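# Close look at the chain arrangement
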Amino acid sequence: FPSAKYGTTVGSVSVASMSAFFVHYLGISPALVPALMIILATELFTGIRASTKRGETFQSGKFSRFVIKLCVWMVLFYVAHSFMNEYSDAESFVGTIGYTFFEVLKLFLMSLFLVENITSILENLAVLDGHPKSTYVDKLKDLYDTFFTALKGVFSSIKNKKESNE
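Residues numbered from 1 in each chain as written. Predicted model: local features only at pLDDT ≥ 70, side-chain atom pairs only at ≥ 80, totals over all residues. Heavy atoms only, no water.

Quick look at the packing of helix α3 (residues 32–53) against helix α4 (residues 60–86) now. Packing of α3 against α4 brings their axes to within 12 Å, and their N-to-C directions diverge by 160°. Viewed along their axes, α3 and α4 adopt a mutual orientation that is roughly antiparallel. When you trace α3 past α4, the crossing you get is right-handed. Taken together, the residues of α4 that come into contact with α3 (itself represented by Leu36, Leu40, Glu43, Leu44 and Ser51) are Lys62, Phe63, Phe66, Lys69, Leu70 and Met74. (Axes fitted to C-alpha atoms, helices over the stretch in contact; angles between N-to-C directions. Helix = DSSP H or I, 4+ residues; strand = E, 2+ residues; numbered from the N terminus. Parallel < 35°, antiparallel > 145°, perpendicular 65-115°, else oblique. Left-handed = near helix turned anticlockwise from the far one by under 90°. Contact = heavy atoms within 4.5 Å.)

Below you can see the structure in the form of structure tokens.
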């Protein structure tokens, strides 16, 4: 094997095994795995830096909570993906509903994972920039509220136009 020639067999097998684990058991595509790793590394790095800025020493308890949260998220992804797979070949109406439910649940969990980690990163960045912890999260909430208020206005105007044309 070419990898044996260059001494990269262990690395190749490790990457292939991890990729198979993420795809088969967690339902996370290979394209999302680097994004997942980057967001986790960023949360960990910014959290350590923010703690240092607050004058706190590295605490194994906080790191343990990070690892436990990561494990819980992976279990949730695994369970949703496993149940989704259970219904993937269903030919009945109930099977189709089961598949759709668990597919939506998996998407919801992955989205929530992203929101939770981005929130944590934004809190850490605010501390690193010398602001109160909630500064950037509050700005994001304001942006979110503005966006959905504008979106609601667009739908209301469409609805009003339809009602006036009738």
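Let us now look at a nonpolar patch on the surface. Taken together, the side chains of Phe21, Tyr25, Val75, Tyr78, Val79, Phe83 and Tyr87 define a hydrophobic patch exposed on the protein surface, amounting to about 630 Å² of accessible area. Secondary structure elements with two or more residues in the nonpolar patch: α2 (9–26) and α4. On the basis of relative accessibility, which here comes to 37%, the residue Val79 falls in the partly exposed class. (Patch = residues over 30% accessible without salt bridge, like charges linked within 9 Å, V, L, I, M, F, W, Y side chains within 5 Å. Areas by Shrake-Rupley, 256 points an atom, 1.4 Å probe, with all protein chains shown as cover. Salt bridge = Lys/Arg side-chain N within 4 Å of Asp/Glu carboxyl O. Buried < 20%, exposed > 50% of the residue type's maximum accessible area, 1.4 Å probe, protein only.)

The biggest cluster of nonpolar side chains holds 15 residues, and the ones touching the most others in it are Phe22, Leu26, Ile28, Leu36, Leu40, Phe77 and Phe113. For this core, the elements supplying multiple residues, two or more each, are α2, α3, α4 and α5 (93–128). The greatest single-element share of this core, amounting to 5 residues, is contributed by α4. Among all residues touching Phe113, those that are not within four sequence positions of it are Leu36, Ile39, Leu40, Trp73 and Phe77. (Core = buried A, V, L, I, M, F, W, Y, C linked by side-chain atoms within 4.5 Å.)

This part covers the environment of Phe21. With respect to the helices and strands, Phe21 occurs in helix α2. Residues Phe21 and Pro34 lie 13 residues apart in sequence; the distance between their C-alpha atoms is 14 Å.

A volume near 500 Å³ is recorded for the largest pocket. In this structure, the largest pocket is lined by 20 residues; those nearest its centre are Gly47, Ser51, Lys62, Arg65 and Asn124. Those elements that place two or more of their residues in the lining of the largest pocket are α3, α4 and α5. Ranked by residue count, the leading element in the lining of the largest pocket is α3, at 6 residues. Looking at the lining of the largest pocket residue by residue, the classes come out as 5 nonpolar, 7 polar and 8 charged. Estimated volume of the second largest pocket: approximately 200 Å³. Sorting the residues of the lining of the second largest pocket by element identifies α3 and α5 as the ones contributing at least two each. Looking at which element gives the most residues to the lining of the second largest pocket, the answer is α3, with 4 residues. Counted by class, the lining of the second largest pocket contains 9 nonpolar, no polar and no charged residues. (1 Å grid on protein atoms, 1.4 Å probe; cavity = no way out; pocket = protein on both sides within 12 Å on 5 of 7 lines; lining within 4 Å. Points joined across faces, edges and corners; volume = space filled by probe spheres on them. Nonpolar A, V, L, I, M, F, W, Y, C, P; charged D, E, K, R; others polar.)

Scanning the entire structure with this criterion turns up 3 salt bridges. Salt-bridge contacts for Glu56 lead to Arg54; the nearest nitrogen and oxygen are separated by 3.3 Å. Relative accessible area serves as the criterion here: at 27%, Glu56 is assigned to the partly exposed category. With relative accessibility at 39%, the residue Arg54 sits in the partly exposed group.

Let us look at the packing of α4 against α5. The packing of two helices is summarised by the inter-axis angle and the distance between the axes. At a minimum axis separation of 8 Å, α4 and α5 run at an interaxial angle of 160°. Regarding the angle of α4 to α5, the classification is roughly antiparallel. The hand of the α4/α5 crossing is left-handed. Of the residues in α5, those touching α4 at Trp73, Leu76, Phe77, Ala80, His81, Phe83 and Met84 are Tyr99, Phe102, Glu103, Leu105, Lys106, Leu109, Met110, Leu112, Phe113 and Glu116. When the residues that make up the contact of α4 with α5 are grouped by side-chain class, the tally is 13 nonpolar, 1 polar and 3 charged.

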